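# An overview of the molecular structure
What follows is the residue order along each chain.
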Amino acid sequence: MKSAFLRLDRITKRFRNVVAVDNVSLDVGKGEFIVLLGPSGCGKTTTLRIIAGLEIPDEGRVYIDGIDVTDLEPGDRDVAMVFQDYALYPHMSVFDNIAFPLVVRRSKLRLGKKDIEGKVLKVARMLGIDGLLDRKPTQLSGGQQQRVALARALVREPKVWLMDEPLSNLDALIRVQVRAELKKLQKDLGITTVYVTHDQIEALTLADRIAVMNKGRVLQVGSPKEVYEDPEHVFVATFIGSPPMNILECEATKETLECPGFSKPLPPDTVNLQGKLYIGIRPEHIEIVSGSINEDVVRAKVYVVEPLGAEYIVNVMVGGEIVKVKTSKELPLNPGDTTYLRINWNKVTIFDPETGRFIGKLLDVNTP
């Protein structure tokens with residue numbers, strides 16, 4: 001398969017008074033799998049459609065292998081797109097659906113009938129659907145239809161593979177299976193891939209890098225580990241993670257951090273913060289312990305316990321705020337019980353309450 005570098009340079013797209021994509025710049029390496037992650041309406045699908053040539057940006061340029069393709073027609077960009085609804089032709093066989101991109105370009109690509117048959121069989125075997133080529137899409141399961149859509153995109157050997165929430169219509173069990181197959185296929189082919197989803201689990205498991213989007217902007221680009229462990233914005237912290245990061249509005253003085261229901265002495269030699277701020281704590285960085293209010297713990301009241309198989313999410317009330325704790329232990333806790341929390345302060349993150357931007361780790365911060 002071919003592969004290419006992709007660059008978005010300050011892309012902006014407006015629909016009347018709505019800015020759907022707001023000054024987005026992004027570099028995708030050759031053979032890289034990058035995921036555009038964000039809620040509905042954040043601009044990720046519009047960004048994908050701009051790469052495909054289905055939308056024209058109001059500002060900015062799109063480059064593939066250094067060539068400006070912004071004004072090229074979709075068919076001239078050497079990209080292929082897999083849509084959320086698969087967009088298969090119901091009156092055509094699986095073979096004809098896969099072959100369609102080659103048939104409509106057979107003159108340009110100088111392909112004969114045997115050439116097309118060979119390419120279709122090759123990609124069908126790759127995806128394990130070579131025994132389904134005579135069937136119609138209505139005779140296939142959702143997972144099989146998805147594989148046909150993937151095959152149709154791959155058969156023309158594009159430089160860039162674009163996918164718009166391709167697994168969202170599959171049942172949960174099939175989605176996990178196809179996700180694993182998709183990741184292996186992309187790595188085996190080494191094809192540059194841009195994948196759109198609102199599902200953080202898909203993003204974390206599939207991506208080499210994730211671009212987290214909200215309100216048309218890219219807030220952070222990084223590896224799954226980076227966006228999870230070191231979020232650069234409150235939105236990223238609360239969008240990624242299951243459950244997401246706990247965010248508390250606190251106030252710092254020269255000596256203490258005053259938060260709802262508790263205070264934390266601040267080491268004067270390492271921290272110099274003043275005024276309101278947000279602190280972020282991942283649920284797995286909080287431990288439920290036996291203790292008393294005199295120890296270095298936070299007193300809390302159990303709100304509800306959510307069993308999740310091998311893990312438990314304990315929702316507790318701290319100073320009127322719900323805080324989520326993730327634990328692998330089954331604890332004898334009931335709603336209304338008093339309990340105590342030990343926070344791993346080395347993992348606590350600080351954000352600016354006005355901009356939402358990352359300031360630093362609590363015990364590492366030294367600001368004027």
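Our subject is the structure that appears above.
Residues numbered from 1 in each chain as written. Predicted model: local features only at pLDDT ≥ 70, side-chain atom pairs only at ≥ 80, totals over all residues. Heavy atoms only, no water.

Tallied over the entire structure, the rule returns 1 disulfide. Residue pairing for C250: its cysteine sulfur links by disulfide to C259, the two sulfurs lying 2.1 Å apart. The S-S bond linking C250 to C259 shows a torsion near 110°; that makes this disulfide right-handed. Assigned by exposure class, C250 and C259 land together as buried. (Disulfide = S-S within 2.5 Å. Buried < 20%, exposed > 50% of the residue type's maximum accessible area, 1.4 Å probe, protein only.)

Spatially, 6 strands are ordered β13-β12-β11-β14-β20-β21 in an open sheet, and the strand pairing comes out antiparallel. The open sheet is flanked by β13 (262-265) and β21 (358-361), the only strands paired with a single partner. If you compare each strand with its neighbour and ignore which way they point, the axes differ by 30° on average. Relative to β21, strand β20 (residues 349-351) runs antiparallel, the two sharing 3 bridges. Residue T349 lies in a different strand from β21, and its bridge partner there is K361. (Pairing = 2+ DSSP bridges. Helix = DSSP H or I, 4+ residues; strand = E, 2+ residues; numbered from the N terminus. Axes fitted to C-alpha atoms, helices over the stretch in contact; angles between N-to-C directions.)

Next up on the list: a nonpolar patch on the surface. Together, Y303, V304 and I322 make up a nonpolar patch on the protein surface, roughly 260 Å² of accessible area in all. Tracing the backbone through its elements, the reader meets V304 in strand β16 (residues 298-308). (Patch = residues over 30% accessible without salt bridge, like charges linked within 9 Å, V, L, I, M, F, W, Y side chains within 5 Å. Areas by Shrake-Rupley, 256 points an atom, 1.4 Å probe, with all protein chains shown as cover. Salt bridge = Lys/Arg side-chain N within 4 Å of Asp/Glu carboxyl O.)

The next thing to look at is the packing of helix α5 (residues 142-154) against helix α6 (residues 172-189). The geometry of α5 relative to α6 is characterised by a closest axis approach of 11 Å and an angle of 20° between their N-to-C directions. Taken as axis vectors, α5 and α6 run roughly parallel relative to one another. Handedness of the crossing formed by α5 with α6: right-handed. Note on element contacts: α6 touches α5 through I174, Q177, V178, E181, L182, L185 and L189, opposite G143, Q146, R147, L150 and L154. Counted by class, the contact of α5 with α6 contains 7 nonpolar, 3 polar and 2 charged residues. (Parallel < 35°, antiparallel > 145°, perpendicular 65-115°, else oblique. Left-handed = near helix turned anticlockwise from the far one by under 90°. Contact = heavy atoms within 4.5 Å. Nonpolar A, V, L, I, M, F, W, Y, C, P; charged D, E, K, R; others polar.)

In this section: the nonpolar core. Grouped together as the largest cluster of nonpolar side chains are 49 residues, with contacts concentrated most on I98, L127, I129, L154, W161 and Y195. It is α5 that provides the largest number of residues to this core, a total of 6 residues. Apart from the residues lying within four places of it in its own chain, the contact partners of L127 are R147, L150, A151, L154 and L185. Formed by 28 residues, the second largest nonpolar core is a distinct cluster that contains I288, V298, V318 and L341. (Core = buried A, V, L, I, M, F, W, Y, C linked by side-chain atoms within 4.5 Å.)

A word on α5. Between its first and last C-alpha, α5 extends 19 Å over 13 residues, near the 18 Å set by a 1.5 Å rise per residue. Within α5, 10 of the 13 residues are buried, which leaves it mostly tucked inside the rest of the structure. Buried within α5 are the following residues: G143, Q146, R147, V148, A149, L150, A151, R152, A153 and L154. Check the buried side of α5 and you find it contacts β6 (79-82), α2 (94-103), α4 (113-126), β7 (160-164) and α6. (Expected span 1.5 Å × (residues − 1).)

Along the chain, K13 turns up in strand β1 (residues 6-15). No salt bridge is formed by the buried K13; the nearest opposite charge belongs to E55, separated by 4.1 Å. Within the structure, the side chain of K13 is placed 2.8 Å from the backbone oxygen of I56, a separation counted as a polar contact. (Lys, Arg positive; Asp, Glu negative; His and termini not counted. Polar contact = N/O pair within 3.5 Å; in protein donor to acceptor, adjacent residues only side chain to side chain.)

This part is about the sheet that holds strand β4 (residues 59-64). Pairing is antiparallel across the open sheet formed by 4 strands, whose spatial order is β2-β1-β4-β5. In this open sheet, the two edge strands, each paired with only one partner strand, are β2 (18-28) and β5 (67-68). Taken together, the 5 bridges between β1 and β4 define a ladder with antiparallel strand orientation. When the sheet's bridge partners are listed, L8 is paired in β4 with V62. Those strands touched by helix α1 (residues 44-52) are β1, β2 and β4, and its axis lies near 120° from that of β1.

All chains considered together, the criterion is met by 17 salt bridges. Here D9 ties to R10 by a salt bridge, and the two come within 3.1 Å at their closest N and O atoms. One salt bridge connects K119 with E157, and the closest N-O pair in it is separated by 3.7 Å. Residue K119 is located in helix α4, and its partner E157 is located in the loop between α5 and β7; the two are separated by 38 residues in the primary sequence.

With that settled, the discussion passes to the pairing of β7. Counting buried residues in β7 gives 5 out of 5 residues, a clear majority hidden from the surface. The alternating pattern of β7 places V160, L162 and D164 on one face and W161 and M163 on the opposite face, and all of these are buried. Of the strand pairs in this sheet, β6 and β7 are connected by 4 bridges, and their pairing is parallel. Each residue of the ladder has a partner; that of M81, found in β7, is L162. Here 5 bridges tie β7 to strand β8 (residues 192-197), and the two strands are oriented parallel to one another. Its bridge partner lying in β8, V160 is registered against T192. Crossover β7 to β8 through α6 is right-handed. (Right-handed = clockwise from strand over helix to strand, strands pointing away.)

Moving on to the environment of D65. Its location among the elements puts D65 in the loop between β4 and β5. Placed 283 residues apart in sequence, D65 and V348 show a C-alpha to C-alpha distance of 41 Å. When sequence neighbours within four positions are dropped, the list of residues in contact with D65 reads S3, A4, F5 and K159.

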